[in-house]
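Understanding the architecture of this molecule
What follows is the residue order along each chain.
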Amino acid sequence: GLALGLVVSSALVRSLESFGLTRFRVPVGQLVVVVLVAGALGVIASIRPADPMARTPADLTDDDLAFLAERHLATLTTLRPDGSPHVVAVGFTWDHDAGIARVITWDASKKHRNVAGQPGGRAVVCQVDGGRWLSLEGPATAVTDPDACRDAEARYAQRYREPKSREDRSVIEIRVDRILGRS
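How each quantity is defined
Residues numbered from 1 in each chain as written. Predicted model: local features only at pLDDT ≥ 70, side-chain atom pairs only at ≥ 80, totals over all residues. Heavy atoms only, no water. Helix = DSSP H or I, 4+ residues; strand = E, 2+ residues; numbered from the N terminus. Buried < 20%, exposed > 50% of the residue type's maximum accessible area, 1.4 Å probe, protein only. Contact = heavy atoms within 4.5 Å. Pairing = 2+ DSSP bridges. Phe/Tyr/Trp six-rings, centres within 6.5 Å; stacked < 30°, edge-to-face > 60°. Lys NZ or Arg CZ within 6 Å of the ring centre and 35° of its normal. Salt bridge = Lys/Arg side-chain N within 4 Å of Asp/Glu carboxyl O. Arc of directions from axis to C-beta.

Details of the overall build of the protein chain
The helix and strand tally for the protein chain stands at 5 helices and 8 strands. Secondary structure elements of the protein chain occur, N-terminal to C-terminal, as α-α-α-β-β-β-β-α-β-β-α-β-β. Relative to its full complement of 183 residues, the protein chain shows a buried share of 33%. In the protein chain, the proportion of contacts linking residues at least 24 apart, taken out of those at least 6 apart, comes to 71%.

Below is the structure:
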């Protein structure tokens with residue numbers, strides 16, 4: 001903002017000089033106040049979240065964590081190659097210590113292909129129960145490591161039921177950095 005202000009004011013001064021105005025008087029005290037206020041507002045804007053409703057995993061309450069442990073289905077939203085949303089019903093698990101939401105799937109599924117095809121792309125899992133809801137959003141990774149898949153299956157079995165065994169098992173891991181909703 002400050003750089004843009006300097007560029008615009010410099011252009012304005014040059015423009016006024018073309019009309020013969022070459023002397024400018026700027027009250028230094030007022031200029032200092034404006035610069036300090038603008039700087040303070042810039043600092044406040046940079047540390048305040050853009051969305052006041054958005055939270056991080058560290059902000060989750062005991063009620064939120066209890067809600068995420070209840071047996072509910074959710075929706076998983078990934079992006080197709082054309083940028084349109086692909087939304088499916090899923091079971092998922094929440095690993096609070098790691099800040100990761102996990103969805104078990106298989107290699108040929110559309111959700112796996114969407115995530116694998118967009119490294120660093122984002123995904124959202126959203127759990128709803130009446131007026132309670134939480135959306136967990138972040139960069140998603142399609143994981144095929146057998147140990148990670150077994151761990152995700154064990155977590156899924158604790159929350160829901162034993163999943164069907166698959167040779168082509170994969171896991172979508174969402175490293176959650178943004179949470180919306182209320183529980």
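A closer look at the pairing of strand β1 (residues 74–79)
Burial along β1 is one-sided: the face carrying Ala 74, Leu 76 and Thr 78 is buried and the face carrying Thr 75, Thr 77 and Leu 79 is not. Bridge count between β1 and strand β2 (residues 85–90): 6 bridges; the pairing is antiparallel. From the neighbouring strand, Leu 79 faces β2, where its bridge partner is Pro 85. Where β1 folds back onto β2 in an antiparallel hairpin, the turn is made up of 5 residues, including Gly 83, whose phi is positive at roughly 90°. As judged from the 4 bridges shared by β1 and strand β5 (residues 122–129), these two strands associate in the antiparallel manner.

Some words on the packing of aromatic side chains
Under the criterion given, the structure shown has 1 aromatic pair. Ring geometry for Tyr 156 and Tyr 160: centres 4.9 Å apart, planes at 35°, overall tilted. Pair check on accessibility: Tyr 156 and Tyr 160 agree, each one buried. The ring of Phe 92 is capped by Arg 159, whose NZ or CZ atom sits 4.7 Å from the centre of that ring.

Points about the pattern of salt bridges
Under the defined criterion, the tally for this structure stands at 13 salt bridges. For Arg 55, the salt bridge is made with Asp 64, and the minimal N-O distance between the two is 2.7 Å. We note that Arg 55, like Asp 64, is buried. For Asp 177, the salt bridge is made with Arg 122, and the minimal N-O distance between the two is 2.6 Å. Residue Asp 177 is found in the loop between β7 (169–175) and β8 (178–182), and its partner Arg 122 is found in strand β5; the two are separated by 55 residues along the sequence.

Digging into the environment of His 96
In this fold, His 96 is placed in the loop between β3 (93–95) and β4 (100–106). By relative accessible area, His 96 is classed as partly exposed at 33%. For the pair formed by His 96 and Leu 65, sequence separation is 31 residues and the distance between their alpha carbons is 8.1 Å. Residues contacting His 96, with those up to four places away along its chain left out, are Pro 57, Leu 60 and Leu 65.

Quick notes on the side chain of His 86
You can see His 86 is positioned in strand β2. With a relative accessible area of 12%, His 86 lands in the buried category. Contact partners of His 86, with chain neighbours within four places excluded, come to Leu 76, Thr 77, Thr 78, Arg 80, Lys 110, Lys 111 and Asn 114.

Things to note about helix α3 (residues 62–69)
An α-helical segment advances 3.6 residues per turn. Residues three or four places apart therefore align on the same side. Of all the positions in α3, only Asp 64, Phe 67 and Leu 68 are classed as buried. Looking straight down α3, one finds that the buried residues subtend no more than 95° of arc, so they occupy a single side. Opposite its buried face, α3 presents the exposed residues Asp 62, Asp 63 and Ala 69, each directed more than 90 degrees away. Residues of α3 that are buried sit in contact with β3, β5, β6 (132–143) and α5 (146–159).

Read these as spatial facts, not as claims about activity.
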